[in-house]
Amino acid sequence: MRADPMTADGPGTDREPTEIDTSTPHSARIWNYWLGGTDNFPADRAAGDEVLARIPDIAEGARAQRAFLVRAVRFLVAEAGIRQFLDIGAGLPTLDNTHEVAQALAPECRVVYVDHDPLVLLHARALLTSTPEGATEYVEADLQEPQRILAEASRVLDFDRPVGLMLLGVVNHIMDSDRAGSAVRCLLDAVVPGSYLALTHSTAEIHGEPMLEVMRELNKRGGTPIRSRTRQEIVDLFRGTELLDPGVVSCSRWRPVWANAPDVYLFGGVGRR
């Protein structure tokens, strides 16, 4: 199956369509499977089931990250006054996407989604349903192409005004720490003071060696590589921002709606530029 290029003028129109490889698992589709979606293939389900067999609460982490997104976006819109979002590694559409949460509070919010999975591109039109007052667009690019992302997103976002930069579960797909840090810093350098970074990242600090073994096995299968980083390494990704309370924690425990939320394998936080 071949992805159809977007036909409207704007971001995401200048790349050749890409073949969808259904024979190797892909992180966005495994994630979709764990969340109960149908946009996945046998290879994704097989890989997802193997992980579930070793770490039965892995799907809870996926749900916790989605809940973190909702809480973070609500904070950024309602309390920090952010009206623009750059969501990189958006993944497949599901409930409570960034633009839905933001525009429910402030219909004028403008959101640019970024992903490089051709299956996500096929579903881009589902993401492009904005309020009349706001805007929602899609850019096909990789986090390791920050200059390209910024150039494309500038067609929709005004980088002279504060931006909410969303990097949820995406930096963990850059295996080299120097390259990961460089990509994040490039994006932070491009946004004005008063902007915010919301970031989550996989870690083995909850599950230990079983999590590392699962990641090694997923990487051997091909598809999207993934790695763990320590809490301190995740804190380092926020360099250049002021971390908001409670800092970098299990994303289920970042300003939770209930006090006894269980720890999950994704740590996250929000920092102010």
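Here, the structure is the one placed above.
Being a predicted model, the structure only gives us computed values, none of them experimental.

Engineer: Please set out the overall build of the protein chain residue by residue, giving values where relevant.
Structural biologist: Regarding its fold elements, the protein chain presents 10 helices and eight strands. Computed over C-alpha atoms, the radius of gyration of the protein chain comes to 17 Å, within 12% of the 19 Å expected from 2.2 N^0.38 for 273 residues, which places it in the range of a compact globule. On the principal axes, the C-alpha backbone points of the protein chain span a range of 45 × 45 × 35 Å. Counting only residues that meet the buried cut, the protein chain has 53% of its 273 residues in that class.

Engineer: Any chance you could break down the packing of aromatic side chains for me, citing the residues and the numbers?
Structural biologist: One pass over the structure, following the stated rule, counts three aromatic pairs. Look at F68 and W254: their rings are 5.5 Å apart centre to centre, the planes differ by 70°, and that puts the pair in the edge-to-face class. Taken together, the residues span a long stretch of sequence, with F68 in helix α3 (residues 58-78) and W254 in the loop between β7 (249-250) and β8 (266-272) at a distance of 186 residues. W254 shares its class with F68; the two are buried. Between F75 and Y196, the ring centres sit 6.0 Å apart and the planes meet at 85°, which makes this aromatic pair edge-to-face. With F75 in helix α3 and Y196 in strand β5 (residues 196-202), this pair connects stretches of sequence that are 121 residues apart. Grouping residues by exposure puts F75 and Y196 together as buried. One aromatic cluster is present, formed by F68, F75, Y196 and W254 through successive ring pairs.

Engineer: I'd love a proper account of empty space enclosed by the protein, names of residues and values included.
Structural biologist: Per the counting criterion, the structure on display carries one cavity of 30 Å³ or more. One number sums up the size of the largest cavity: a volume of about 50 Å³. Around the largest cavity sit A47, E50, V51, R54, V214, E217, L218 and R221, which together line it. Looking at the lining of the largest cavity residue by residue, the classes come out as four nonpolar, no polar and four charged.

Criteria and thresholds
- Residues numbered from 1 in each chain as written.
- Predicted model: local features only at pLDDT ≥ 70, side-chain atom pairs only at ≥ 80, totals over all residues.
- Heavy atoms only, no water.
- Helix = DSSP H or I, 4+ residues; strand = E, 2+ residues; numbered from the N terminus.
- Rg over C-alpha atoms; globule rule 2.2 N^0.38 Å.
- Buried < 20%, exposed > 50% of the residue type's maximum accessible area, 1.4 Å probe, protein only.
- Phe/Tyr/Trp six-rings, centres within 6.5 Å; stacked < 30°, edge-to-face > 60°.
- 1 Å grid on protein atoms, 1.4 Å probe; cavity = no way out; pocket = protein on both sides within 12 Å on 5 of 7 lines; lining within 4 Å.
- Points joined across faces, edges and corners; volume = space filled by probe spheres on them.
- Nonpolar A, V, L, I, M, F, W, Y, C, P; charged D, E, K, R; others polar.

Treat this as a map of the structure, not an account of what it does.
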